[in-house]
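Next come the chains, spelled out residue by residue.
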Amino acid sequence: MTSGPTWTIAQVAQEFGVTHRTVRHYEELGLISPERRGTQRVFRPRDRTRLGLILRGKRLGFPLEEIRTIIDLFDAPRGRRAQLEYVLGQIDERRADLERRRRDLDDAIAELGDFERRCRADLERLGDDG
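Visitor: I'd like to hear about the overall build of the chain, residue by residue, with values.
Guide: Helix and strand content of the chain: five helices and two strands. Taken over the C-alpha trace, the chain has a radius of gyration of 23 Å; the compact-globule value for 130 residues is 14 Å, which it surpasses by more than 25%. Seen through its C-alpha atoms, the chain measures out along the principal axes to roughly 80 × 40 × 20 Å. Sorting the 130 residues of the chain into buried and exposed places 28% on the buried side. Carbon and sulfur atoms form 52% of the exposed surface of the chain, whose accessible area is close to 9,500 Å². Side-chain charges in the chain split into 26 positive and 24 negative, and the spacing between the mean points of these groups amounts to 9 Å.

Structure representation (structure tokens):
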């Protein structure tokens, strides 16, 4: 057992704004591996880092298996060409997807703005007669 800072499941769940169940789910999937002291889970800095990467990956829309592959690369020796190329390919795909989504959102916001203006103009024309 190594020394250094540790956290409980309650502490990491609160820090990252997730439920205990979510943390346990990621553990069941093998994405994080906290130590055990009896029935208590003991989280180390590595677990917190991995949990942060998992949650960031989820926010960006990566499926859990892709997240696993990417975060496992953090534990692998640096500089393996195939690994780096894989990650860069995933980054390119995710960036393109997010840019498409941003364009779609921008278009939807513009359409809502146009619709709002038309509704306000119609309401104004109706005046108090309405």
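Still to come is the rest of the account.
Visitor: Explain a negative patch on the surface residue by residue, including any values.
Guide: A surface patch of negative charge is lined by Asp104, Asp106, Asp107 and Glu111. By the secondary structure assignment, Glu111 is in helix 5 (residues 81-126). Relative accessible area serves as the criterion here: at 56%, Glu111 is assigned to the exposed category.

Visitor: Any chance you could break down the pattern of salt bridges for me, citing the residues and the numbers?
Guide: Considering all chains together, one arrives at twelve salt bridges under this definition. A salt bridge links Glu15 to Arg48, with the nearest nitrogen and oxygen atoms 2.6 Å apart. Within this pair, whereas Glu15 is found in helix 1 (residues 9-16), its partner Arg48 is found in helix 3 (residues 45-59), the two being separated by 33 residues in sequence. Note on Glu15: relative accessible area 41%, which makes it partly exposed. Linked by salt bridges that have partners in common, Arg94, Asp97, Arg100 and Arg101 make up one network.

Visitor: Which residues make up helix 5, and what values do they have?
Guide: Along its 46 residues, helix 5 runs 67 Å from first to last C-alpha, staying within 8% of the 68 Å computed at 1.5 Å per residue. Taken as a whole, helix 5 has its buried residues at Gln83, Val87, Gln90, Arg94, Asp97 and Gly113. The elements touched by buried residues of helix 5 are helix 4 (64-75).

Visitor: Give me the nonpolar core: which residues, what numbers.
Guide: Of all hydrophobic cores here, the largest spans 19 residues; its most connected members are Val23, Tyr26, Phe43 and Ile54. Put simply, the parts of the chain that give this core at least two residues each are helix 1, helix 2 (20-28), helix 3 and helix 4.

Thresholds, definitions, all that
- Residues numbered from 1 in each chain as written.
- Predicted model: local features only at pLDDT ≥ 70, side-chain atom pairs only at ≥ 80, totals over all residues.
- Heavy atoms only, no water.
- Helix = DSSP H or I, 4+ residues; strand = E, 2+ residues; numbered from the N terminus.
- Rg over C-alpha atoms; globule rule 2.2 N^0.38 Å.
- Buried < 20%, exposed > 50% of the residue type's maximum accessible area, 1.4 Å probe, protein only.
- Areas by Shrake-Rupley, 256 points an atom, 1.4 Å probe, with all protein chains shown as cover.
- Lys, Arg positive; Asp, Glu negative; His and termini not counted.
- Charge placed at Lys NZ, Arg CZ, Asp CG, Glu CD.
- Patch = residues over 30% accessible without salt bridge, like charges linked within 9 Å, V, L, I, M, F, W, Y side chains within 5 Å.
- Salt bridge = Lys/Arg side-chain N within 4 Å of Asp/Glu carboxyl O.
- Expected span 1.5 Å × (residues − 1).
- Contact = heavy atoms within 4.5 Å.
- Core = buried A, V, L, I, M, F, W, Y, C linked by side-chain atoms within 4.5 Å.

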